[in-house]
Amino acid sequence: LSKVDRWFLYKLKNIYDMESKIRTMTNQEKIAADQLMRCKSLGFSDIQIAKLVDNTELEIRKLRMEYGIRPIVKQIDTVAAEFPAKTNYLYCTYSCDHLGQELDAQHGYDIAFDEHGIMVLGNGAYRIGSSVEFDWCAVSASRTLRTQGFRSIMVNYNPETVSTDYDECDRLYFEELSFER
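Given the structure is predicted, the values throughout are model-derived calculations rather than measurements.

## Re the pattern of salt bridges
Now for step 1: What the rule picks out here adds up to 7 salt bridges.
Now for step 2: The residue Arg 23 makes a salt bridge to Glu 19 at a minimum N-O spacing of 2.3 Å. Of this pair, Arg 23 and Glu 19 both sit in helix H1 (residues 6–23), 4 residues apart, roughly one helical turn.
Now for step 3: Given the relative accessible area of 48%, Arg 23 is considered partly exposed.
Now for step 4: For Glu 19, a relative accessible area of 26% corresponds to the partly exposed category.
Now for step 5: For the salt bridge of Asp 46 with Arg 64, the shortest nitrogen-to-oxygen distance reads 2.8 Å. A residue pair is termed long-range when its members are at least 10 positions apart, and Asp 46 in helix H3 (residues 46–52) and Arg 64 in helix H4 (residues 57–66) qualify at 18 residues.

## Observations concerning the nonpolar core
Now for step 1: With 17 residues, the main nonpolar core has Ile 22, Ile 31, Leu 36, Phe 44, Ile 49 and Ile 60 as its most contacted residues.
Now for step 2: Setting aside anything within four residues of it in sequence, one finds Ile 31 in contact with Met 25, Leu 36, Ile 49, Val 53, Ile 60, Leu 63 and Tyr 67.
Now for step 3: Formed by 8 residues, the second largest nonpolar core is a distinct cluster that contains Ala 138, Cys 169, Leu 172 and Phe 174.

## A closer look at helix H2 (residues 33–41)
Now for step 1: What H2 keeps buried is the set Gln 35, Leu 36, Met 37, Cys 39 and Lys 40.
Now for step 2: The secondary structure elements touched by the buried residues of H2 are H1, H3 and H4.

## Topic: unusual backbone geometry
Now for step 1: Its identity as a non-glycine residue notwithstanding, Lys 3 has a phi of 70°, on the positive side.
Now for step 2: The residue Lys 3 is located in the segment before H1 in this model.
Now for step 3: Relative accessible area serves as the criterion here: at 81%, Lys 3 is assigned to the exposed category.
Now for step 4: With a phi close to 55°, Asp 54 is a non-glycine residue in the positive phi region.

Rules behind the numbers
Residues numbered from 1 in each chain as written. Predicted model: local features only at pLDDT ≥ 70, side-chain atom pairs only at ≥ 80, totals over all residues. Heavy atoms only, no water. Salt bridge = Lys/Arg side-chain N within 4 Å of Asp/Glu carboxyl O. Helix = DSSP H or I, 4+ residues; strand = E, 2+ residues; numbered from the N terminus. Buried < 20%, exposed > 50% of the residue type's maximum accessible area, 1.4 Å probe, protein only. Core = buried A, V, L, I, M, F, W, Y, C linked by side-chain atoms within 4.5 Å. Contact = heavy atoms within 4.5 Å.

That is the geometry; function is a separate question.
And the structure:
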């Protein structure tokens, strides 16, 4: 009827069903680790879960940390799995088989964390009159760090900026800037 593939409809139904299940819980009930893990893997933020159970984002975060539920870093496959991707495009996810375990590049993470660098915060969404200036600042900061011998780590959730070009930084996280991250 809608011509939307059933696969997508089932995915949306899973989200709806979990929201309905969590919404019936009270503030006094502690969300079980497997339920919280399922919520996170479906894309619920800590603040969304907190609102559903009439709690605070800080309490949900505390519970998540207690359960050892932390996101892992994955690499965006820019070559459609034709061969191993070597890009520095990264993102954090709760959708994996290794959450709650000690992780390294061989077990869960797509990259190793054996290098240090300086973080540059990107400009995020375009806004008339400010985006170009913020993007220029982020790119200039990254380039300056490299000329000074430092590795640059860019965090920016807007893929349509110069600061998110492959060769403008050493690592690029397509991530929102929020308390949860």
